Amino acid sequence: MAEPDISRVPQPEGATGVLVLANGEVAWGRGFGAAGAAVGEVCFHTAMTGYQEIMTDPSFAGQIITFTFPHIGNVGANPDDVEADDPHALGMIVREDPTAPSNFRAMENLDGWMKRHTRIGLAGIDTRALTRRIRTGGAPNGVVAHSPDGTFDLPALLAMARGWPGLEGMDLARQVTRETHGTWEGGIWRLGFGYGAGEGGARPHVVAIDYGSKHNIFRNLVQAGAKVSVVPAEATFDQIMALAPDGIFLSNGPGDPAATGEYAVPVIRQLLDTGKPLFGICLGHQLLGLAVGAKTTKMFQGHRGANHPVKRLSDGAVEITSMNHGFAVERESLPANARETHVSLFDGSNAGLELTDRPAFSVQYHPEASPGPQDSFYLFERFVGALR
Ligand SMILES: NC(=O)CC[C@H](N)C(=O)O
C-alpha cells in the first residue's frame, strides 16, 4: 500500500506547533517556548510536579517529554529547581496551554524560561492518546516543531524524524558531562533556607564520575556527610585515584549504557579492584552491571515517573521511587558475584544490585528524587556510612 502523502495532511487554523512521528503520524497543537524543530525519542513522564527538574535532568538528552499531568507550567520557573544549569530534554508536549504562574517562588513563566533556554514546547496535544500510543507501540522517534507564524514543512520534518538514528547505540554522556574536575558545594534545599552547606570537619571523600549527573544526587551525598568531588565522564583511573577518594560514585546520565560503557567500563573495573566502596545510580547502575559482565537492553517504553513502586528483596519493603530510564540490566545476565537487591513492581524488571565480593551496590531508580518521594535516602547514608 502506498504511504499517505504527508504534505496533504490538513493544518487546522491557529496551529503553531506540531509533532511528527517517524511513522508519519501528525499531531497539531500550539507552540510555546523557542521556535524551531527538535528531533529525538518521544517518551512520557507521569510526575505531577517537578517539570523544571525533569527538563533539566541531563538523562533526558535526546528525548522529548510528554507530560501526562495536564497542567504543566502553573508554578512557573525559578533558578533553584534545576538539576543542571540548562535543560537537557529537547522539548515538552503538554495538554493545556501553560497559564501565568501562581506560586510565590516563581521568577518567570514557563514559556519565557523555555524560550531563554531554546527549548520547544507543544501544547494542546491529546497527551492521553499519545501516552497510550507509546505504551502500546513503544517510544517512537519524532520531531516537535514550533513556528509562531504557522508555517511548517511536514515532509522535511518527517525526513528529520526518520533520519534520526534512535537512542540505541548512542553515547550521550560525553556530550553532557563537565569538562574539568571540581568540588561540589551545597546540601539539600529547605524552605526559607535554600541550599544548605554540608557538615564541617573531616568528611569522607566521594569522587563522583559525571555521566550527566543531577545536582540533587550531590546535595544528598553532602547531606549524608560526604565531601564530593566531580570528574568528567572520561576521567582516567589515575586521575580519579590522584584525588584520593574514600569512595566512588557513578552518576545517572543519558543514552545507551552499552555505548557509554566502551570507555566507562574499563575504568570502573579498575576502580572495583581497589576495593573502595562504590555506589551507582541509574546509568551508573547499568555501567556497574556491564562492568561485572551483565548485559543491558533497551526497554519497550521505559519508566519515567515519580511514583514507581520497587520491592527491596532483603526485607520485602516497598519503596516508592522516582524513575527515568529506557534501558535496563538483564537479571538473567548477572554473574554469580552480583545479587539482585530491588525489583520494579510495575513490570518485574531489575531495579538494584550489589556485589557479593566487593563493597559495591547500585540502583536503577533515583533515590535523590527531584522530583519524587524520598523513601530511598537511606542509600546515601548507607554508602557514606561505609566510607567512615
Ligand atoms: N536516568 C538515567 O541515568 C538514565 C539511564 C539510561 N540513559 C536509560 O535511559 O536507561
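Cut-offs used in this document
- Residues numbered from 1 in each chain as written.
- Predicted model: local features only at pLDDT ≥ 70, side-chain atom pairs only at ≥ 80, totals over all residues.
- Heavy atoms only, no water.
- UniProt positions renumbered as here; feature names shortened; annotations may be inferred.
- Salt bridge = Lys/Arg side-chain N within 4 Å of Asp/Glu carboxyl O.
- Buried < 20%, exposed > 50% of the residue type's maximum accessible area, 1.4 Å probe, protein only.
- Helix = DSSP H or I, 4+ residues; strand = E, 2+ residues; numbered from the N terminus.
- Domains from an automatic or database assignment.
- Buried area = accessible area lost by both parts, 1.4 Å probe.
- Contact = heavy atoms within 4.5 Å.

- For the protein chain, the name recorded in an unreviewed UniProt entry is Carbamoyl phosphate synthase small chain, with Sphingomonas ginsenosidimutans as its organism.
- Under the Sequence similarities (unreviewed entry) heading, UniProt states for the protein chain: "Belongs to the CarA family."
- Here the protein chain is described in UniProt, under the heading Subunit (unreviewed entry), as follows: "Composed of two chains; the small (or glutamine) chain promotes the hydrolysis of glutamine to ammonia, which is used by the large (or ammonia) chain to synthesize carbamoyl phosphate. Tetramer of heterodimers (alpha,beta)4."

**Looking at the pattern of salt bridges**
Phase 1 of the analysis: Scanning the model with the defined rule gives 19 salt bridges in all.
Phase 2 of the analysis: Across the pair arginine 8 and aspartate 5 runs a salt bridge, and its minimum N-O distance is 3.6 Å.
Phase 3 of the analysis: What makes aspartate 5 partly exposed here is its relative accessible area of 39%.
Phase 4 of the analysis: For glutamate 368, the salt bridge goes to lysine 214, with nearest N and O atoms at 3.1 Å. One end of the pair, glutamate 368, is in the loop between β19 (360-363) and α10 (378-387); the other, lysine 214, is in the loop between β11 (205-210) and α6 (215-223), with 154 residues separating them in the sequence.
Phase 5 of the analysis: Glutamate 368 sits in the buried class, given a relative accessible area of 2%.
Phase 6 of the analysis: Each member of the salt-bridge network shares a partner with another, and the members are Glu41, Lys298 and Arg304.

**Digging into the domain arrangement of the protein chain**
Phase 1 of the analysis: According to the domain assignment, the protein chain consists of domain 1 (6-163) and domain 2 (173-387).
Phase 2 of the analysis: The C-alpha centroid of domain 2 is placed 28 Å from the C-alpha centroid of domain 1.
Phase 3 of the analysis: Where domain 1 abuts domain 2, roughly 2,000 Å² becomes buried across the two surfaces, and 50% of that area is made up of carbon and sulfur atoms.
Phase 4 of the analysis: Together, Pro58, Ser59 and Glu83 form the three largest contributors to the area buried by domain 1 at its contact with domain 2, with a combined 26%.
Phase 5 of the analysis: Remark: the boundary between domain 1 and domain 2 carries three salt bridges.

**Looking at the UniProt feature "active site" (unreviewed entry) in the protein chain**
Phase 1 of the analysis: Here, the residues flagged by UniProt with the feature "active site" (unreviewed entry) are Cys282, His366 and Glu368. A maximum C-alpha distance of 11.1 Å among these annotated residues, which run over 87 residues, shows that they cluster at one spot.
Phase 2 of the analysis: Structurally, cysteine 282 is set in the loop between β14 (278-281) and α9 (283-291).
Phase 3 of the analysis: The buried category is assigned to cysteine 282, whose relative accessible area is 2%.
Phase 4 of the analysis: Setting aside residues no more than four positions away along its own chain, cysteine 282 makes contact with Asn252, Asn324, His325, Val363, Gln364, Tyr365 and His366.
Phase 5 of the analysis: Within the secondary structure, histidine 366 is located in the loop between β19 and α10.

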